[in-house]
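The residues making up each chain are set out below.
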Amino acid sequence: MKDQINRLLEDINSFNADTLDKVEAFRINYLGSKGVLKQLFAEFKNVEASQKKEIGQALNNLRNTATEKVNTIKSALEGSKKEAKVYGDLTRPAESIELGSRHPISIVKNQIIDVFSRIGFTVSEGPEIEDDWHNFTALNLPEYHPARDMQDTFFIEKDPDILLRTHTSSVQVRYMEKNDPPIRTISPGRVFRNEDISARAHCIFHQVEGLYIDTNVSFADLKQTLLYFTKEMFGKSKIRLRPSYFPFTEPSAEVDIYWGLETEIDYKITKGTGWLEIMGCGMVDPNVLKNVNIDPEKYSGYAFGMGIERIAMLLYQIPDIRMFYENDVRFLEQFKSVI
Ligand code: DAH
């Protein structure tokens, strides 16, 4: 009987189970009402009196070991079951974290800022709600000036007029009022025009204004700066300046870059000419300088203004301006790889 007890003890010690069912089967087998231990205790009465003490202890030890085994495995399995409820499967691979992306308008705006800051331009900003002076009058657009009609304005109040700025040129006025030359600044920002929304135009869009005021600034300086910008921004080094009219610059010009005619898209966006208009510019009109108390006899300067959407559409071949404002993730996530 002693040998049998020792063998059983070994079996019990080496037992392990990964499910509660298996532990229960083990319990029934050893400790159940018809189990192994029950039988052994029944046989115990036949044991010789001289061995009763030793065998009795061994039997008790066997029962205790089996009971302990059942309890420890059971509580371990129940514990991990509870954990699984709280954490799920801890060995499962983690879900990847979705990275956001910058909006294409921000990407292009930051690129423009970067290009100009490398040649000493600072960044300045102004309010989106403007008064008549900063948006029109100081920019050489007095009341009843026909050029006011070029920019369909959203008015907030009349007499005195408070409006949503129609261009970022208002920021150059504010900047010149507060700072003395030399001035080198660019002003990115949102502008508003009462226009019908289409694939090409929107009532809200973004511009970057540039302003350079110093002694002896000439049109040649303007041209060189524009050439530098188009090379850095588009990798294109051929530009042309077409005479134009803006009330705040004299002379004024529109800047075209030679885009080329290599692909079908090039033909489409340049209407078969190879040339693309990207901004307006000119030498700051002496009247504007006078309006902000800068002496036009001593100082001269140039200014330029461009639409950020237009440049982003060219760089990324975006066919419809409305895509910028719809916040469709399928559109936005395409800019993930761009910083
Ligand atoms: N403000 C003009 C517009 O919104 C753009 C512009 C043209 C700005 C010529 C300038 C400039 O500073 O010199 O259409």
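Predicted, not measured: the structure shown is a model, and the values here were computed from it.

## Thoughts on the overall build of the chain
Per the secondary structure count, the chain includes 13 helices and ten strands. Here the C-alpha atoms of the chain give a radius of gyration of 41 Å, more than 25% beyond the 20 Å that 2.2 N^0.38 yields for 339 residues. With the C-alpha coordinates of the chain rotated into their principal frame, the extents come out at 130 × 50 × 40 Å. Residue burial in the chain is summarised as follows: out of 339 residues, 42% are buried. A fraction of 67% describes how many contacts in the chain between residues 6 or more apart in sequence connect residues 24 or more apart.

## Considering the side chain of Thr185
Considering the arrangement of structural elements, one finds Thr185 in strand E5 (residues 183-192). Residue Thr185 is classed as buried on the basis of its relative accessible area of 1%. At 3.2 Å, the side chain of Thr185 forms a polar contact with the backbone oxygen of Thr122. Within the structure, the side chain of Thr185 is placed 2.7 Å from the side chain of Ser124, a separation counted as a polar contact. Among residues more than four places away in sequence, those in contact with Thr185 are Phe121, Thr122, Val123, Ser124, Tyr175, Glu209, Gly210 and Leu211.

## Some words on the sheet that holds E5
Within the open sheet, the seven strands sit side by side as E1-E5-E6-E10-E9-E8-E7. Their pairing is mixed. Each of the sheet's edge strands pairs with one partner strand only, and the pair in question is strand E1 (122-123) and strand E7 (239-246). Judged from the ten bridges that link them, E5 and strand E6 (residues 204-214) form a sheet pairing that is antiparallel. Considered in E6, the bridge of Arg190 is made with His206. Against the sheet, helix H5 (residues 104-117) contacts E1, E5, E6 and strand E10 (300-307), and its axis sits at roughly 165° relative to E5. Along the sheet, helix H7 (residues 169-178) contacts E1, E5, E6 and E10; its crossing angle with E6, the most-contacted strand, is approximately 35°.

## A few points about helix H1 (residues 2-14)
The end-to-end C-alpha separation of H1 is 19 Å, in line with the 18 Å expected for 13 residues at 1.5 Å each. Considered for burial, the residues of H1 that qualify are Ile5, Leu8 and Ile12. The arc that holds every buried residue of H1, seen down its axis, measures 65°, which confines them to one face. Facing away from the buried surface of H1 by more than 90 degrees, the exposed residues are Asp3, Arg7, Glu10 and Ser14.

## Remarks on the domain arrangement of the chain
Examined at the domain level, the chain breaks down into domain 1 (2-87) and domain 2 (104-335). When each unit is reduced to the centre of its C-alpha atoms, the spacing between domain 1 and domain 2 is 87 Å.

## A word on H7
Within H7, the full set of buried residues consists of Ser169, Ser170, Val171, Gln172, Val173 and Met176. The inward-facing, buried residues of H7 abut strand E2 (129-131), helix H6 (132-135), E5, E6, helix H10 (286-291) and E10.

## Regarding a nonpolar patch on the surface
A grouping of Val86, Tyr87 and Leu90 is seen on the molecular surface, where their side chains present a nonpolar patch of about 370 Å² in accessible area. By the secondary structure assignment, Val86 is in helix H4 (residues 52-87). Assessed through its relative accessible area of 63%, Val86 is described here as exposed.

## Notes on the sheet that holds strand E4 (residues 162-164)
Taken in spatial order, the three strands of this open sheet run E2-E4-E3, and their pairing is antiparallel. Both edges of this open sheet fall to E2 and strand E3 (155-157), since each of them pairs with a single strand only. Going across the sheet, the axis of each strand differs from the next one's by a mean of 35°, ignoring polarity.

## Considerations on the packing of H5 against helix H11 (residues 308-316)
It is at 9 Å that the axes of H5 and H11 come closest, and there the two elements cross at 100°. Taken together, the axes of H5 and H11 lie roughly perpendicular to each other. Contacts between H5 and H11 pair Ile105, Ile107, Val108, Lys109, Gln111 and Ile112 from the former with Ile308, Glu309, Ile311, Ala312, Leu315 and Tyr316 from the latter. Each residue belonging to the contact of H5 with H11 can be placed in one class, and the counts come to nine nonpolar, one polar and two charged.

## Some words on the site of the ligand
Surveying the vicinity of the ligand reveals 16 residues, the closest of which are His167, Ser169, Arg193, Gln207 and Glu209. Residue Glu209 places a side-chain N or O atom 2.6 Å away from an oxygen atom belonging to the ligand. Here an oxygen atom of the ligand sits 3.4 Å away from a polar atom, N or O, in the main chain of Phe304. Burial of the ligand by the protein amounts to 91% of the accessible area it has alone, namely 360 Å². Secondary structure elements with two or more residues in the shell around the ligand: H7, E6, strand E9 (275-284) and E10.

The rules behind the values
- Position labels on residues start from 1 in each chain and follow its written sequence.
- Per-residue local features of the predicted model are confined to residues with pLDDT of at least 70, and side-chain atom pairs are confined, for both listing and counting, to 80 or more; whole-chain, interface and lining totals are unaffected and use all residues.
- Based on all heavy atoms of the structure, the side-chain values leave hydrogens and waters out of the count.
- Every helix listed is a DSSP run of H or I at least four residues long, and every strand listed is a run of E at least two residues long, numbered separately from the N terminus.
- We take the radius of gyration over the C-alpha atoms and set the globule estimate at 2.2 Å times the residue count to the 0.38 power.
- Relative accessible area decides the class of each residue, using a 1.4 Å probe on protein chains only: under 20% of the type maximum gives buried, over 50% gives exposed, and in between gives partly exposed.
- Note on definitions: a residue-residue contact is assigned when non-hydrogen atoms from the two residues lie within 4.5 Å.
- By the criterion applied in these results, polar contacts are pairs of N or O atoms within 3.5 Å in which, for protein atoms, one can donate a hydrogen and the other can accept it, and in which residues neighboring in sequence qualify only through two side-chain atoms.
- Two strands form a pair only when DSSP identifies at least two bridges running between them.
- Helix axes are fitted to C-alpha atoms over the stretch in contact, other axes to C-alpha atoms as well, and angles between N-to-C directions run from 0 to 180 degrees.
- The span one expects for a helix is its residue count, reduced by one, times 1.5 Å.
- Here the arc refers to the directions that run from the helix axis out to each C-beta atom.
- For the purposes of this description, domain bounds are those given by an automatic or database domain assignment.
- Every patch collects residues that have over 30% relative accessible area and no salt bridge, joining them within 9 Å if they carry like charges and within 5 Å if they are nonpolar side chains (Val, Leu, Ile, Met, Phe, Trp, Tyr).
- Exposure was quantified through the Shrake-Rupley algorithm and a 1.4 Å probe, taking into account, for residues, occlusion by the shown protein chains and nothing else.
- A side-chain nitrogen of Lys or Arg and a carboxyl oxygen of Asp or Glu constitute a salt bridge if their distance falls within 4 Å.
- Note on terminology: angles under 35 degrees are roughly parallel, angles over 145 are roughly antiparallel, angles of 65 to 115 are roughly perpendicular, and the others are oblique.
- Basically, the charged four are Asp, Glu, Lys and Arg, the nonpolar ten are Ala, Val, Leu, Ile, Met, Phe, Trp, Tyr, Cys and Pro, and anything else, Gly included, counts as polar.
- Whether a residue is near a molecule or strand depends on its heavy atoms: if one lies within 4 Å, it is near.

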